[in-house]
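The residues making up each chain are set out below.
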Amino acid sequence: MILDVFKLVYEFFVNGKIIAGLSTIVVVGIGYLLFTFFEVEMAVMILVGLAIIALLFNLPKLFDAWNTRTHNMSNKYRRVVSKIIRHDLKKALDKLDGHRIFVTEGHNGTSSLGDLAFLYMDITYLESAIEDDWLNFQYRNFSTTLYPGFDWLAKHSTFVGNTDKLKSIDQRLSRIIESNGTKYLIATCLYNAHNECIGTVILTFPEEPTCPMEKIADFQKVANKIERLIDKQWTLKEVEKMAEDL
């Protein structure tokens, strides 16, 4: 019984409840004294001034708490979204009979001394029909400024064709893709609400498939959903419901 009381008191202190209670008593006491010894307008002005000072002192803590909460929510959203994207990619790979399907997402890792952002693409999701598959490490921190293929895709939205066709757009990118056993690919750009390229979805084949144009509608449907997921166009509650229904 005594231990339970000590535990209750300890938790009361740790959770800040006593401090909050004492603070409330102090504020009420100060307010009572001000209204007793000063006119109403002057008392209100003093109370408002004290409230502003207290807020300024606590702004760093409030910002830290907000940033922590936002970061935690973002992490939770990513975990739920990842489950949905992996599920959809597996289904698409099986239906479209490719040998790889993957998502790249853009990020700004650093900036130049002139404060210009360095833009990169990383593979964030990959499903493969190839046993013990791996991709060239050049797909990590893939600098988009070195490869005009990314700008081309951002402008034209979709690419469908073999690696020879890609060479006419970006020889270096074509060679990297060929080094991973790809001869034919379907790629689409992902956009945010401001029509900026935020990533890509790419489906690859070891050889040109039969009737590739028939695969585009199903491929684009998957890409459109992924676009909305990584651009956070659904709420956390909505994506949690999607994940439950898989």
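Use the structure listed above.
Residues numbered from 1 in each chain as written. Predicted model: local features only at pLDDT ≥ 70, side-chain atom pairs only at ≥ 80, totals over all residues. Heavy atoms only, no water.

Focus: the packing of aromatic side chains
Then comes step 1: The full count for this structure, using the stated rule, is four aromatic pairs.
Then comes step 2: When the ring of Phe142 is compared with that of Tyr147, the centres are 4.5 Å apart and the planes differ by 10°; the resulting orientation is stacked. Here Phe142 matches Tyr147 in class, with each residue buried.
Then comes step 3: Ring geometry for Tyr184 against Phe205: centres 6.3 Å apart, planes inclined by 65°, an arrangement best described as edge-to-face. Remark: Phe205 occurs in strand E6 (residues 197–205) and Tyr184 occurs in strand E5 (residues 184–191); sequence separation between them is 21 residues. Side by side, Tyr184 and Phe205 carry an identical accessibility label, which is buried. (Phe/Tyr/Trp six-rings, centres within 6.5 Å; stacked < 30°, edge-to-face > 60°. Buried < 20%, exposed > 50% of the residue type's maximum accessible area, 1.4 Å probe, protein only. Helix = DSSP H or I, 4+ residues; strand = E, 2+ residues; numbered from the N terminus.)

Observations concerning the environment of Asn141
Then comes step 1: Topologically, Asn141 is positioned in the loop between strand E2 (117–128) and strand E3 (142–143).
Then comes step 2: Each C-alpha atom of the pair Asn141 and Gly109 lies 8.4 Å from the other, and the pair is 32 residues apart in sequence.
Then comes step 3: When near neighbours in sequence (up to four residues on either side) are disregarded, Asn141 contacts His107, Tyr120, Met121 and Asp122. (Contact = heavy atoms within 4.5 Å.)

Details of the environment of Leu190
Then comes step 1: Within the secondary structure, Leu190 is located in strand E5.
Then comes step 2: When the C-alpha positions of Leu190 and Arg228 are compared, they lie 8.7 Å apart, and in sequence the two are 38 residues distant.

Observations regarding the pattern of salt bridges
Then comes step 1: Following the criterion strictly, the structure yields eight salt bridges and no others.
Then comes step 2: One salt bridge in this structure joins Asp88 and Lys225, with 3.0 Å as the shortest N-O distance. Of the two residues, Asp88 is situated in helix H3 (residues 40–96) and Lys225 in helix H7 (residues 216–230); the sequence distance between them amounts to 137 residues.
Then comes step 3: Residue Asp88 is classed as buried on the basis of its relative accessible area of 11%.
Then comes step 4: Since its relative accessible area comes to 26%, Lys225 is described here as partly exposed.
Then comes step 5: With a closest N to O distance of 2.7 Å, Asp245 and Lys241 form a salt bridge.
Then comes step 6: Residue class for Lys241 comes out partly exposed when judged on its relative accessible area of 46%. (Salt bridge = Lys/Arg side-chain N within 4 Å of Asp/Glu carboxyl O.)

A short note on unusual backbone geometry
Then comes step 1: For Ser157, which is not a glycine, the phi torsion comes out positive at approximately 80°.
Then comes step 2: Despite not being glycine, Lys232 shows a phi value in the positive range, around 55°.
Then comes step 3: Tracing the chain through its elements places Lys232 in the loop between H7 and helix H8 (236–244).

So, the side chain of Asn192
Then comes step 1: With respect to the helices, strands and loops of the structure, Asn192 is situated in the loop between E5 and E6.
Then comes step 2: Separated by 2.9 Å, the side chain of Asn192 and the backbone nitrogen of His194 make a polar contact.
Then comes step 3: When residues no more than four places from it in sequence are discounted, the contact partners of Asn192 are Ile198 and Asp231. (Polar contact = N/O pair within 3.5 Å; in protein donor to acceptor, adjacent residues only side chain to side chain.)

Some thoughts on the nonpolar core
Then comes step 1: Of all hydrophobic cores here, the largest spans 31 residues; its most connected members are Ile85, Ile226 and Val239.
Then comes step 2: Ignoring anything within four residues of it in the chain, the contact list for Ile85 reads Val103, Tyr125, Ile226, Leu229 and Ile230.
Then comes step 3: In terms of nonpolar packing, the next biggest core, distinct from the first, is built from 16 residues, Phe142, Tyr147, Leu173 and Ile177 among them. (Core = buried A, V, L, I, M, F, W, Y, C linked by side-chain atoms within 4.5 Å.)

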